[in-house]
Amino acid sequence: MGEEFSLEDILIILKRRFLAFILPVIVLAPLGILAVMLLPAKYTAQGTILVESQQIPTEYVRSTINSYAQERISTIRQRVMTRNRLLEVADEYDLFPRSLGLSESERVNLMRNRLRVDLITTSSQARSAGRDNTIAFTVSYTDQDPNKAYLVANKFITLFLDEDVRTRTAGASNTTEFFEREAARLREEVASMEERVSQYKAANANALPEHLDMHLNMLERARNTLSNAESSITQLEEEKRFLETQLISGTGGDSSLTTELARLEAELARLRATYRDNYPEVIAKREEIASIKARMAPSEEIRQLREALGAAEEKLNDIEAAETPDEDAIAAAEANVEAARNALSDRISEETRRGSQDIAGVQMEGRIAVIENRIRMLTKQADAAMAQIADLEERIARTPEVERGITGLTRDYDNLFQEYQDVLAKRGDAQIAENLEENQQAEKFSILEPALQPDKPSSPDRPKLLVMAVFGALGFGGLVAVGLELLQGRIRGRNHLSSVMEAAPIAVIPYIYSEGDKSGRFPAIRPPSWRRGKRKNKKRSLSPEPAPEPAL
């Protein structure tokens with residue numbers, strides 16, 4: 001309504017509505033006092049758990065549990081206060097008799113409301129510096145039975161300690177098992193990588209970087225062998241041409257055939273200088289020369305022996321060039337070569353003793369056959385050297401590529417092996433940390449003060465509630481009196497009259513008590529002193545001065 005009550009208004013309302021004020025007070029105050037006195041007493045048992053720091057310096061052994069104590073307490077609180085756990089504790093200590101008819105959900109809610117966990121911390125600066133500022137925490141339980149409150153509080157304290165040990169030990173064990181699995185996995189990967197490196201080296205065994213110097217030396221020797229073989233072939237070919245020249249010139253043999261052959265060779269050269277090869281006389285001269293050479297050629301048996309010697313030497317070369325040469329086969333092939341040479345020499349000597357028409361020619365032809373065999377062997381040796389040179393050059397050319405492949409595999413292997421070593425080291429640290437947790441030498445919870453049986457109730461606070469009940473009754477009585485006054489809308493004095501009329505009153509007449517006021521059932525409340533006039537009689541008086549016109 002926007003009205004303001006002054007002290008005068010309040011006193012007038014109390015005087016006028018004293019009965020409406022005092023009756024609620026008389027009724028409600030005793031009821032409130034009775035309700036406070038009938039409230040059941042509740043007892044709270046409380047214990048304190050200390051958060052102990054790690055006993056061994058962290059510089060030497062670092063725990064694998066890195067969460068703050070406040071976080072662990074919150075986690076353990078949730079695990080301890082599960083529905084099944086709370087019901088087990090309630091049934092164990094018969095906290096809620098069946099006569100109450102409470103459901104499981106109601107019992108769980110009641111226990112959660114009665115159980116309190118409060119942290120004890122230091123200043124907040126420690127947490128901001130990266131450290132936990134929780135040094136302890138309290139566990140309390142409230143119940144109407146002090147013995148039950150004491151037993152349940154200690155039960156939950158034990159559960160907190162056991163859960164902390166189990167959680168920390170399980171966490172450390174899980175960390176160790178994790179690193180063991182990682183170590184096993186990396187061990188297999190390292191073995192697989194070793195196998196890959198081994199297979200790659202086996203596949204490129206002829207071009208490994210560590211064999212590069214050896215291949216260079218082998219290449220140098222092969223080139224020297226090729227050069228020596230080519231030099232020997234050149235010398236043998238010169239010797240062969242020399243013997244053939246001697247054989248053609250007739251030196252040491254039948255001079256008639258030799259001279260005839262020389263004459264025909266000269267005439268053939270003269271004709272070729274003038275005519276072409278298809279000229280009849282040129283063709284005739286070539287035929288005559290071929291006939292004389294056929295007459296001067298060795299016998300058919302000597303040619304067969306030469307072919308047999310060449311075949312034996314070729315077979316010996318093939319056996320020696322095999323990847324896994326057989327020593328017995330090589331010895332047998334060498335014996336065959338020696339036998340073929342002896343047979344050829346014996347045949348040449350036999351024809352010499354029989355007085356062949358061209359003994360010297362036969363000997364030179366035998367020498368030429370030996371030279372040809374030697375040239376064939378050196379040619380094969382040169383071919384083998386050239387093949388070896390080509391193979392070594394191909395190996396040397398592939399070596400950089402193989403080296404890059406090995407370097408990549410080796411780098412991956414080294415990285416993987418280093419990771420494996422790091423995991424092994426971490427596994428060792430985790431094992432030490434697990435031993436630290438099992439021996440309870442890491443950060444742990446310990447009982448600082450166990451819960452004691454309370455000797456006085458923690459609630460309700462009856463003196464405080466009694467005062468609140470009395471003041472509540474007084475307040476309700478005042479509200480009833482003020483409400484009635486506002487509903488009836490009466491004038492409460494000159495100030496109220498002035499606010500209503502918006503003009504000051506002409507005069508103030510004090511309250512005149514009647515006989516009924518003096519003999520009433522309720523004592524009259526004397527008006528304030530400013531309302532009492534200086535006169536003590538009960539007459540009403542007006543000011544002798546004429547009243548001014550009312551201002552409207």
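Residues numbered from 1 in each chain as written. Predicted model: local features only at pLDDT ≥ 70, side-chain atom pairs only at ≥ 80, totals over all residues. Heavy atoms only, no water.

Caption draft 1: Spotlight on the overall build of the protein. Of regular secondary structure, the protein possesses 16 helices and four strands. Looking at the protein as a whole, 30% of its 552 residues are labelled buried. Counting only contacts in the protein whose residues sit at least 6 apart along the sequence, the fraction spanning at least 24 positions is 77%. For the protein, the exposed area adds up to about 34,800 Å²; of that, 53% sits on carbon and sulfur atoms. (Helix = DSSP H or I, 4+ residues; strand = E, 2+ residues; numbered from the N terminus. Buried < 20%, exposed > 50% of the residue type's maximum accessible area, 1.4 Å probe, protein only. Contact = heavy atoms within 4.5 Å. Areas by Shrake-Rupley, 256 points an atom, 1.4 Å probe, with all protein chains shown as cover.)

Caption draft 2: Region of the structure containing the sheet that holds strand S4 (residues 444-449). The strand order across the open sheet formed by four strands is S2-S3-S1-S4, and the pairing between neighbours is antiparallel. Strand pairing shows two members of the sheet lacking a second neighbour, strand S2 (115-121) and S4, which therefore form its edges. Strand-to-strand twist across the sheet, computed as the mean angle between neighbouring axes with direction ignored, equals 30°. Bridging between S2 and strand S3 (residues 134-143) involves seven bridges; their strand directions are antiparallel. Across the sheet, arginine 116 pairs through a bridge with serine 140, a residue of S3. (Pairing = 2+ DSSP bridges. Axes fitted to C-alpha atoms, helices over the stretch in contact; angles between N-to-C directions.)

Caption draft 3: How the structure looks around the side chain of threonine 138. With respect to the element layout, threonine 138 can be found in strand S3. Threonine 138 sits in the buried class, given a relative accessible area of 7%. Excluding its chain neighbours within four sequence positions, the residues that come into contact with threonine 138 are Gln46, Gly47, Thr48, Arg116, Val117, Asp118 and Ile120.

Caption draft 4: Layout of the pattern of salt bridges. Counted according to the given criterion, the structure contains 13 salt bridges. Of the charged contacts in the structure, one is a salt bridge between arginine 72 and aspartate 164, with a shortest N-O distance of 3.6 Å. Pair noted here: arginine 72 is in helix H3 (residues 69-80) and aspartate 164 is in helix H7 (residues 146-203), with a separation of 92 residues, a long-range link. Among the residues examined, arginine 72 registers a relative accessible area of 7% and is labelled buried. For glutamate 182, the salt bridge goes to arginine 185, with nearest N and O atoms at 2.6 Å. With a gap of three residues between them, glutamate 182 and arginine 185 both fall in helix H7, about one helical turn apart. By relative accessible area, arginine 185 is classed as partly exposed at 34%. (Salt bridge = Lys/Arg side-chain N within 4 Å of Asp/Glu carboxyl O.)

Caption draft 5: Focus on unusual backbone geometry. Positive phi values are uncommon outside glycine, yet aspartate 94 reaches one of about 50°. Checked against the element boundaries, aspartate 94 lands in the loop between helix H4 (83-93) and helix H5 (104-114).

Caption draft 6: Region of interest: the nonpolar core. Among the nonpolar cores identified, the biggest contains 31 residues, and Ile49, Met111, Phe137, Val139, Phe156, Phe160 and Phe445 are the most heavily contacted of them. Top contributing element to this core by residue count: H7, with eight residues. When residues no more than four places from it in sequence are discounted, the contact partners of phenylalanine 156 are Val80, Leu86, Val89, Met111, Leu115 and Val139. Counting twelve residues, the second largest nonpolar core, distinct from the first, contains Ala183, Leu186, Leu409 and Leu416. (Core = buried A, V, L, I, M, F, W, Y, C linked by side-chain atoms within 4.5 Å.)

Caption draft 7: Inspection of the packing of aromatic side chains at higher detail. Inspection of the entire model under this criterion finds five aromatic pairs. Between phenylalanine 178 and phenylalanine 179, the aromatic rings sit 5.3 Å apart at their centres with planes inclined by 65°, giving edge-to-face as the arrangement. Owing to a relative accessible area of 16%, phenylalanine 179 belongs among the buried residues under this scheme. Here a set of aromatic residues connected by ring pairs shows up, and it is made of Phe137, Phe160 and Phe445. (Phe/Tyr/Trp six-rings, centres within 6.5 Å; stacked < 30°, edge-to-face > 60°.)

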